[in-house]
Protein chains: 2
Amino acid sequence: MDDRIQHAGMRQRLMPADQAAAVIRHGDTVCMSGFTGAGYPKCVPQALAARIQQAHARGDPFRVRLLTGASTAPELDGALAKVEGMELRLPYQSDPTVRDRINAGQIDYLDIHLSHVAQHTWFGFFGDIDVAVVEIAAILPDGRLLPTSSIGNNRTWLERAGKVILEVNRWQPLALDGMHDVYYGTALPPDRKPIPLVRVEDRIGERYLLVDPDKVVAVVETDAHDRNSPFSPPDDCSQRIAGHLLEFIEHEVARRRLTPRLLPLQSGVGNIANAVLAGIAASGYQNLEAWTEVIQDNMLRLLRDGVLRFASATALSLSGTGTAEFFEHIDFYRRCIVLRPQEISNHPELIRRLGCIAMNGMLETDIYGNVNSTHVAGSRIMNGIGGSGDFARNAFLSIFMAPSTAKQGGVSTIVPMASHVDHTEHDTMIVVTEQGLADLRGLSPRQRARDIIAKCAHPSYRSMLEDYFDRACRNSFGKHTPHLLREALSWHARFVETGSMRIA
Amino acid sequence: MDDRIQHAGMRQRLMPADQAAAVIRHGDTVCMSGFTGAGYPKCVPQALAARIQQAHARGDPFRVRLLTGASTAPELDGALAKVEGMELRLPYQSDPTVRDRINAGQIDYLDIHLSHVAQHTWFGFFGDIDVAVVEIAAILPDGRLLPTSSIGNNRTWLERAGKVILEVNRWQPLALDGMHDVYYGTALPPDRKPIPLVRVEDRIGERYLLVDPDKVVAVVETDAHDRNSPFSPPDDCSQRIAGHLLEFIEHEVARRRLTPRLLPLQSGVGNIANAVLAGIAASGYQNLEAWTEVIQDNMLRLLRDGVLRFASATALSLSGTGTAEFFEHIDFYRRCIVLRPQEISNHPELIRRLGCIAMNGMLETDIYGNVNSTHVAGSRIMNGIGGSGDFARNAFLSIFMAPSTAKQGGVSTIVPMASHVDHTEHDTMIVVTEQGLADLRGLSPRQRARDIIAKCAHPSYRSMLEDYFDRACRNSFGKHTPHLLREALSWHARFVETGSMRIA
C-alpha cells in the first residue's frame, strides 16, 4: 500500500514518528486533527509525549498549546496529559486525564463554540500556529490530501500552520474518496459571501484538502483504527425520554408546525440520542435528513432503513461493529453521507437556514430554563459546550434532554439556579427528562418554572423545588425571575459538602 | 395632507382612534409597531387603554398580549401598563410602569433575542396574531405602505395578523421614501435561501411594506412626534471607557487584526456608546460603516463628517435636536442610511458575514466573563437582552462596557458570580470599564479572572475580588472555574439586604 503517498516531494519526507515529533518544540502552538475520536493522529502524539517525558526527566520544560477539532482519544489527549505536556487545550475534550488535570488547575482549558474555532484562528485570536499534525488517508500525485473519518478544523490547520506533519493512516479506507466536501469559500470580513448551501446534501467545496507541499516537514505512515466509540442499547430511562420527545414531535406535526418529513435532525451523542433516533425509526418516519456533527452507529442503521435519506456531519464516530458495517457498505454510504469542515457543519448561517431540530444533552437546567452543559457544581468541567450552542441558538427547535437525577438520585437535574450557564433562558425551548417534557415556548420565567417543576423534576425533588419557587415568588427582590440569593446555590453546595443534594 | 391615504378602499376605513381600538378584544394577541421609541402607534394604544379602563370599571376583564419591535413610549407601553391592560409582553421594554409591573409579578414578560421574534411568530410559537397596529407614513394608491422612522417587525405583523389597524402619522416625513429596504425573501425551513447581502449598503428588498387591503379594518390619522430620546454629552466615566476601547482598537489595527477602515460598528444606546462614537470621530477614522439596530444623534454627526460612510439599522432614535437635523438634511441622509426589518438588522447570518464590532452595555460581569445584561440581583428585570445576544455571539469582536460601579459605589459591576447570565463565557471577548480593558480572547477562566479583576474592577472592590478568587482557587470543588458556592452570590444578597455590596 505504498501508493498512498503519491507525491514525490512529500514521499521524500517519510520518516518515523519520533523523528517527526522532534519538529515540535516547547511552547509551540500545535493543531491536530480529530473530532469525536475520529481521524486524530495515532503515532506522532505518542512520540511527542515520549520526548516530553525525556525532557522533563532532564529537568527541561516542555509543554505545548494543543488545538483540535473536538475530542480525540487516549493516544493523543491521554498521552500528552499523562506526561504533563499540555499548557493549554481547546476547544473541547472528553479525556479522563485531561479533565482531571484541568480540574486540578494544571491545564488552561478554553471551552469554545465549535463553529468559532476556525474563524478565531483566522482572526489571529490564538496567535501563530507553529505545527499542524493531521491524519489523512492518502496523498494524491498533485499533493492534494484525501481526508479521513473526520474533517474538523483540518483545512484551517493545514493553511495556518508554519509546519505540517502528515500521518497517512492505511486503516482509513481509500473508498472514503468522494464522501468529503471541503468548503474553500470562506474569507475574512469584509470579504465574506453567502455560503451557497440550501439542502443537507449540497456539495459546495472540494473532495480533497489542500496543502502547500513546501510546508510539509514530515510524513508518517500508520495503520491504526479510530477510537471505537462504545454503543450501548438504550436503557429504560433513555427510552422514556425518547417517548416524551416523540409524542411532542407528533403533536407538532398534528399542529402543522412540522410536516411528517420534519426538519434536519441534529443529535448529540450518547444513550439518550440513541434512544431518540431508535424511537424515530420505530415511529414510521421516512426520508428524514440529518444536519449534525457526528454520525454514530444508529444513523447508519437509519440510512440503511430509509428512515434517513441523507446525513451531513463533520465526523464519523462508530463502534467496532459500526465500523465493520460502514466499511462493508461504504459505496452505499458514500451516496448518503457527506463530511464537511466543522465551521460548516456548525455554522449559524446554515443551521438557521436549514431550521434544524437540535437535540442535546445537559448536566442541569434551572427552573427558568438556563442550561448548564459543562460544569459540575459550577466549577468542575465535564467535557465542554461543543456544538450545542451553535445549534441551540439557531435551531428551529432547541431541545435539552437528561435523566431527572444523577448519582443514584443524589443529584437533581432540575435545580433552583443553574451553577453555570451555557445556554441562556433565551435559547432553551424544550426540556425533557424521563418524567416528562416542558415546552417553554411563549412562556415567561414564572410560567416556565411551574412547567419544568411539574413535568420534568423527579418526584423526590419536586416538593423541594415547589417550596423554593413559592417562597421565591413571595420574597424575591424582583418577581420577574424569583430567586432567594442565599439559597439559590445551596443544593450544589450541599452536593459538594455531602455528596448529595438531599437534605440529610 | 389628505393625500397620505391614496388607496380608495382603505380611505373608506378612516375612523377615530377610539372606534379603531374597539376592534381589539380581551385576550387578543396584539402586535404593534415601534422600536426604541420610534414608529410606534401614537393614538390607538391610548384609546385602547381608555376602553380597558372602562371595562375594568364595569368589572369586566380586559387584558391583551402585546408584541412589538422593541421599546416604545409612555403613550403605548406606559398607557397600557397603567390600566393593567397587559397580560403578556414581548420581546423588549424599557418603560418604568411596565418594568414595575413585571417585577411585581403582574405581567408575564418574555425577554427574547430580537432576531428571533419574527421567525418564532412565523413558526407559530406565539399562537395566532389577532390584531396588528402599525404606524406608517402614507398609503400609496396601490395599497403599499410607506414605512416610518422604524421598521422593526412590521412586515411580519402585517402579514400574520388577522386584522390590521393603520395609523397614518403626518409627522413622519414623506421624504423618508427611499430610505427603507424591506426584505421579502425570507421563508420557512426547509425553503430558506441565503440572504443576498454582502455590504452594509446593499438593497435586497422593497421600498414599501405590503398589506392585504381586505385585512385593514381601520385607518387612523395622527400627527404626533416620536418619543424624543434625550441625548446627553458623554460624562467623564464614559469618556474613560471610550478611551480604553479606542486604545485597544488602535492596538488591533497596529497588530493588523483590523484595518484602519475597521469593520461595521454595532453600537448600543446611551452615554457610553455616545462617548465611544465621539472618540472614534476624534481619532481621525474615516469612511467607517455601521451595521446596527438604532441610529442616534451621534451617528448623524459621524455621517455628516464622513467618519461614517454608511449606516444600516432598523430604527432612528433621535433627540429633538437630532430630529430637526435629520429632517433638514433628509435628502443627504437618505443616501447614507438604510432602515431594514429587525430580523435582517439582527440576523446572525449577516452579523457573522459582515464581521461586526459589537459594543454593548452590561449590568455586570463575573470574573470569568459571564455577562448579565438584564437582571438586577438575579431577579429584577431592567429592560431586556434586546439585540445584544444576536451581535455578541456572531461578531468579529464582542465588547461589553459599563462603569465599574453603580449606586454611588455601592454596587460593583465586576462580581464573583453573575446573578443572571445573558452572554456566556463563550461569547464575551472584551470587557471594559473606566478602570481599564480586559482582552479575554484565548484565555482560560482563571486567566480571565486575573485580568478582569486587575484591569476592570474598581479599586475599592479589587481586593475583595482577589480574596474571593484566591480562596476559590484553593478551596473550589473544581479548579477550572473556581467558585465558593456558599459565597458566590453573597455580594448580591448583601445588596438586596443592605442596599450595598460593601461589607458594613
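Residues numbered from 1 in each chain as written. Chains lettered and ligands numbered in written order. Predicted model: local features only at pLDDT ≥ 70, side-chain atom pairs only at ≥ 80, totals over all residues. Heavy atoms only, no water.

1. Comments concerning the overall build of chain A
Scanning chain A for helices and strands turns up 18 helices and 26 strands. For chain A, whose C-alpha radius of gyration is 23 Å, the value lies close to the compact-globule estimate of 23 Å for 504 residues. Dimensions along the principal axes, computed over C-alpha positions, put chain A at roughly 75 × 55 × 45 Å. Buried residues in chain A amount to 66% of all 504 residues. At a minimum sequence separation of 6, the contacts of chain A that also span at least 24 residues come to 74%. Working note: accessible area of chain A is about 16,000 Å², and carbon and sulfur atoms make up 49% of it. Charge centroids of chain A, computed over 53 positive and 58 negative side chains, lie 4 Å from each other. (Helix = DSSP H or I, 4+ residues; strand = E, 2+ residues; numbered from the N terminus. Rg over C-alpha atoms; globule rule 2.2 N^0.38 Å. Buried < 20%, exposed > 50% of the residue type's maximum accessible area, 1.4 Å probe, protein only. Contact = heavy atoms within 4.5 Å. Areas by Shrake-Rupley, 256 points an atom, 1.4 Å probe, with all protein chains shown as cover. Lys, Arg positive; Asp, Glu negative; His and termini not counted. Charge placed at Lys NZ, Arg CZ, Asp CG, Glu CD.)

2. What about the relation of the copies chain B and chain A?
With an RMSD of 0.0 Å, the operation that places chain B on chain A is a rotation of 180° combined with a shift of 0.0 Å along the axis. Viewed as a symmetry operation, the transformation between the two copies matches a two-fold axis. For chain B, the minimum C-alpha distance to the rotation axis belongs to E349(B) and amounts to 2.2 Å. Comparing interface residues between copies, 100% of those in chain B also lie at the interface in chain A; the contact surface is shared. (Least-squares fit on C-alpha atoms with pLDDT ≥ 70 in both.)

3. Side note on the UniProt feature "domain: Acetyl-CoA hydrolase/transferase C-terminal" (unreviewed entry) in chain A
Residues given the UniProt feature "domain: Acetyl-CoA hydrolase/transferase C-terminal" (unreviewed entry) here are residues 322-468 of chain A. Within the segment residues 322-468 of chain A, helix and strand shares are 35% and 24% respectively, and the terminal C-alpha atoms sit 47 Å apart. (UniProt positions renumbered as here; feature names shortened; annotations may be inferred.)

4. Some details on the sheet that holds strand β18 (residues 371-372) of chain B
All names here are of chain B. Pairing is mixed across the open sheet formed by three strands, whose spatial order is β18-β17-β24. Both outer strands of the open sheet, β18 and β24 (414-415), are each paired with one neighbouring strand and no more. The sheet contact formed by strand β17 (residues 364-366) and β24 spans two bridges and is parallel. Within β24, the residue paired with D366 across the bridge is V415. (Pairing = 2+ DSSP bridges.)

5. Observations concerning the interface of chain B and chain A
Counting residues at the interface gives 88 residues for chain B and 88 residues for chain A. Its largest share of buried area at the contact with chain A, chain B owes to R352(B), R393(B) and F477(B), together 12% of the area lost on that side. For the pair chain B and chain A, the number of links is six salt bridges. Here E349(B) and R353(A) are joined by a salt bridge, their closest N and O atoms 3.2 Å apart. On inspection of chain B and its partner chain A, the count reaches 48 residue pairs in polar contact (both at pLDDT 80 or more). In terms of residues, the side of chain B that touches chain A owes the most to one element, helix α18 (residues 490-498) of chain B, which gives seven residues. For the side of chain B that touches chain A, the residue count by class is 37 nonpolar, 31 polar and 20 charged. (Buried area = accessible area lost by both parts, 1.4 Å probe. Salt bridge = Lys/Arg side-chain N within 4 Å of Asp/Glu carboxyl O. Polar contact = N/O pair within 3.5 Å; in protein donor to acceptor, adjacent residues only side chain to side chain. Nonpolar A, V, L, I, M, F, W, Y, C, P; charged D, E, K, R; others polar.)

6. What to know about the packing of helix α8 (residues 236-254) of chain A against helix α9 (residues 271-282) of chain A
Residue and element names in this part refer to chain A. In contact at an axis separation of 8 Å, α8 and α9 are set at 50° when each is read in the N-to-C sense. Put simply, α8 runs oblique to α9. Like other packed secondary-structure pairs, α8 and α9 cross with a definite hand, here right-handed. Residues S238, Q239, I241, A242, L245 and L246 of α8 lie in contact with α9, whose contacting residues are N271, I272, A275, V276, G279 and I280. Residues of the contact of α8 with α9, tallied by class, amount to eight nonpolar, four polar and no charged. (Axes fitted to C-alpha atoms, helices over the stretch in contact; angles between N-to-C directions. Parallel < 35°, antiparallel > 145°, perpendicular 65-115°, else oblique. Left-handed = near helix turned anticlockwise from the far one by under 90°.)

7. Some remarks on the confidence of the model for chain A
As a general rule, the predicted coordinates of low-pLDDT regions are not to be interpreted in detail. Per-residue pLDDT for chain A averages 97, and the proportion of residues at 70 or more is 100%. Scored as a whole, the predicted complex attains pTM 0.98, and scored at its interfaces, ipTM 0.98. (pLDDT = per-residue confidence, 0-100.)

8. Regarding helix α11 (residues 320-328) of chain A
All names here are of chain A. Three or more residues of α11 are buried, namely G322, T323 and F326. Angular distribution of buried residues about the axis of α11 spans 100°; they occupy a single face of the element. Relative to its buried face, α11 has exposed residues pointing more than 90 degrees away, namely T321 and E328. Elements in contact with the buried residues of α11: α10 (297-305), β14 (315-316), α12 (330-333) and β15 (337-339). Structurally, the start of α11 carries an N-cap: the backbone nitrogen of T321 is 3.3 Å from a side-chain oxygen of S319. (Arc of directions from axis to C-beta.)

9. Focus: the sheet that holds strand β18 (residues 371-372) of chain A
With mixed pairing, the three strands of this open sheet are ordered in space as β18-β17-β24 (chain A). Lying at the two open borders of the sheet, with one neighbouring strand each, are β18 and β24 (414-415) of chain A.

10. Looking at the UniProt feature "domain: Acetyl-CoA hydrolase/transferase N-terminal" (unreviewed entry) in chain A
Per the UniProt entry, the sites bearing "domain: Acetyl-CoA hydrolase/transferase N-terminal" (unreviewed entry) are residues 12-221 of chain A in this numbering. Span residues 12-221 of chain A is 25% helix and 20% strand, its end C-alpha atoms 13 Å apart.

11. Digging into the layout of surface pockets
Space left empty within the atom packing is revealed by a probe, the size of a water molecule, rolled over the atoms. All names here are of chain A. For the second largest pocket, the calculated volume is near 1,100 Å³. What lines the second largest pocket is a set of 44 residues, and nearest its centre among them are Y92, G268, V269, G270 and N383. Only α8, β10 (265-267), α9 and β16 (357-361) provide two or more residues apiece to the lining of the second largest pocket. It is α9 that contributes the most residues to the lining of the second largest pocket, four residues altogether. (1 Å grid on protein atoms, 1.4 Å probe; cavity = no way out; pocket = protein on both sides within 12 Å on 5 of 7 lines; lining within 4 Å. Points joined across faces, edges and corners; volume = space filled by probe spheres on them.)

12. Overview of unusual backbone geometry
Excluding glycine, a negative phi dihedral is what most residues carry, and trans is how most peptide bonds are arranged. In this structure, the amide linkage connecting L90(A) to the following residue, P91(A), adopts the cis form with an omega of 0°. Relative to the assigned elements, P91(A) resides in the loop between β3 (86-90) and α5 (96-103). Here P189(B) and P190(B) are connected by a cis peptide whose omega angle stands at 10°. Relative to the helices and strands, P190(B) is located in the loop between β8 (161-169) and β9 (216-222). Backbone geometry places T36(A), a non-glycine residue, at a positive phi of 50°. Assignment of secondary structure puts T36(A) in the loop between β1 (29-32) and α3 (44-57). Taking relative accessible area as the criterion, T36(A) reaches 11% and is therefore assigned buried. In this model, N287(A) sits at a positive phi of 60°, which is unusual for a non-glycine residue. Following the sequence through the fold, N287(A) ends up in the loop between α9 and β11 (288-291).

13. Some words on the environment of L209(B)
All names here are of chain B. Its location among the elements puts L209 in the loop between β8 and β9. Sequence spacing of L209 and I136 is 73 residues, and the spatial spacing of their C-alpha atoms is 9.1 Å. Setting aside anything within four residues of it in sequence, one finds L209 in contact with R144, L145, P147, N154, R155, L158, V182 and Y184.

14. Topic: the pairing of β9(B)
Residue and element names in this part refer to chain B. Of all seven residues in β9, five are buried, a share of seventy percent or more. Where β8 meets β9, six bridges bridge the pair, whose relative direction is parallel. Its bridge partner lying in β9, E167 is registered against V220.

15. Section: the pairing of strand β26 (residues 436-439) of chain A
Residues and elements named next belong to chain A. Where strand β25 (residues 430-433) meets β26, four bridges bridge the pair, whose relative direction is antiparallel. Across the sheet, V431 pairs through a bridge with A438, a residue of β26. Between β25 and β26, which pair antiparallel one after the other, the connecting turn spans two residues.

16. Re the packing of aromatic side chains
In this description, a pair of aromatic rings is defined by centroid distance and the angle of the planes. Applying the stated criterion to the full structure yields 20 aromatic pairs over all chains. Relative to F327(A), the ring of W171(A) has its centre 5.4 Å away and its plane inclined at 50°; by these criteria the two rings are tilted. Of the two residues, W171(A) sits in the loop between β8 (161-169) and β9 (216-222) while F327(A) sits in helix α11, which places them 156 residues apart along the sequence. Pairing F495(A) with F477(B) gives two aromatic rings, centres 5.9 Å apart and planes at 75°, and the pair type is edge-to-face. With F495(A) in helix α18 (residues 490-498) and F477(B) in the loop between α17 (459-475) and α18, this residue pair bridges two chains. Take F477(B): its relative accessible area is 24%, and that puts it in the partly exposed class. Taken together, the ring pairs in this structure connect W171(A), F326(A), F327(A), F332(A) and Y333(A) into an aromatic cluster. (Phe/Tyr/Trp six-rings, centres within 6.5 Å; stacked < 30°, edge-to-face > 60°.)

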